[in-house]
Amino acid sequence: MNKIEKCNKIIATFKKIYPDPRCTLNYGSAFELLVSTRLAAQCTDKRVNMTTPKLFAKYPDVCAMAGASLADVEEVIKPCGFFKTKARDIVNLSKKISENFGGNVPGSMEELTSLPGIGRKTANVILAEIFHKPAIVVDTHFMRITRRLGFHNLKDATKIEFLMKKIVPESESANFSHRLVAHGREICKAINPKCDLCGIKNFCEKYKKDSR
Ligand code: SF4
């Protein structure tokens, strides 16, 4: 079985285990998702979702955030950690969207990654969720599980993204990313993965190795 065939079989199994894959960040607009995804770095989605209602009540759109007081944004987003850097990025990216993109979150990788604090991972979240483009979101769960499954032996997120793009069907890429996150949170944890409960263990190289 080659890697593409193996991936398709995993996707078929995942569809039964995780029938309703979705982004776990709450958002009501492209701008809110962009800000929430920036806040989610080194923080849980749960905590971000607890923080953003207050932030978006005060600064509901690009224009309002571009004119926000940095100190006030810092205070509101403090629970998400790294609040000084995150606040600076959020205010500056709002200014840039306002000045360069007519106040609308742009829809290309190049434009998104030109925004302060926005890397490929966040850009791919926006491309997948908002613009419904094929995009693979490589987070810590994605990296760990695809490595354990035997798709690669890489540590660099960009290299993993490009390699997996050749393996995952475009139409499935966004949902595959969501399903891997769900699997990583529930079963394939970084420490003590629950392999006995894992529905894709028959495809897992780590499981095969550990069972020998
Ligand atoms: S068998 Fe274990 S290591 Fe492999 S994917 Fe499942 S939980 Fe992760």
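Bear in mind that the values here come from a model prediction, so they are computed numbers and not experimental data.

A.B. asks: Now, about the site of the ligand: what can you tell me, with residues and values included?
C.D. replies: Surrounding the ligand, one finds 14 residues, the nearest of these being Cys188, Cys195, Cys198, Cys204 and Tyr207. The dominant element in the shell around the ligand, judged by the number of residues it contributes, is helix H9 (residues 140-149), at 3 residues. Residue composition of the shell around the ligand, grouped by class: 10 nonpolar, no polar and 4 charged.

A.B. asks: Account for the environment of Lys6, naming residues and giving values.
C.D. replies: Of note, Lys6 is situated in helix H1 (residues 3-17). Taking the C-beta count within 10 Å as the criterion, Lys6 has 16 such neighbours and is therefore assigned partly exposed. In sequence terms Lys6 and Val35 are 29 residues apart; their C-alpha atoms lie 35 Å from each other. Not counting residues up to four positions away in its chain, the partners in contact with Lys6 are Met1 and Phe203.

A.B. asks: Run through the domain arrangement of the chain, naming residues and quoting values.
C.D. replies: Under the domain assignment used here, the chain contains domain 1 (3-21 + 136-211) and domain 2 (30-129). A C-alpha centroid distance of 28 Å is found between domain 1 and domain 2. With 8 residues of domain 1 in contact, the opposing surface of domain 2 contributes 5 residues. Here the residues of the side of domain 1 that touches domain 2 are counted per class, giving 5 nonpolar, 1 polar and 2 charged.

A.B. asks: An account of helix H3 (residues 45-58) is requested, with residue identities and associated values reported.
C.D. replies: Counted at 1.5 Å a residue, the expected span for H3 with its 14 residues is 20 Å, and the 20 Å between its end C-alpha atoms agrees. Remark: the principal bend of H3, roughly 35°, maps to Thr52, with a proline, Pro53, within the next four residues. On the buried face of H3, the contacting elements are helix H2 (30-39) and helix H5 (70-77).

A.B. asks: Describe the packing of H5 against helix H6 (residues 83-100), listing the residues and the values that go with them.
C.D. replies: Running from amino to carboxyl end, H5 crosses H6 at an angle of 125°, the nearest separation of the two axes being 9 Å. By the criterion of interaxial angle, the relationship of H5 to H6 is oblique. Here the hand of the crossing between H5 and H6 comes out right-handed. Along the contact surface, H5 presents Leu70, Val73, Glu74 and Ile77, while H6 presents Phe83, Lys84, Lys86, Ala87, Arg88, Ile90 and Val91. The residue inventory of the contact of H5 with H6, partitioned by class, reads 7 nonpolar, no polar and 4 charged.

Rules used in this analysis
- Residues numbered from 1 in each chain as written.
- Predicted model: local features only at pLDDT ≥ 70, side-chain atom pairs only at ≥ 80, totals over all residues.
- Near = placed C-beta within 6 Å.
- Helix = DSSP H or I, 4+ residues; strand = E, 2+ residues; numbered from the N terminus.
- Nonpolar A, V, L, I, M, F, W, Y, C, P; charged D, E, K, R; others polar.
- Buried ≥ 20, exposed ≤ 12 C-beta atoms within 10 Å, placed from the backbone.
- Contact = placed C-beta atoms within 7 Å.
- Domains from an automatic or database assignment.
- Expected span 1.5 Å × (residues − 1).
- Bend = angle between axes of the 7 residues up to and from the residue.
- Axes fitted to C-alpha atoms, helices over the stretch in contact; angles between N-to-C directions.
- Parallel < 35°, antiparallel > 145°, perpendicular 65-115°, else oblique.
- Left-handed = near helix turned anticlockwise from the far one by under 90°.

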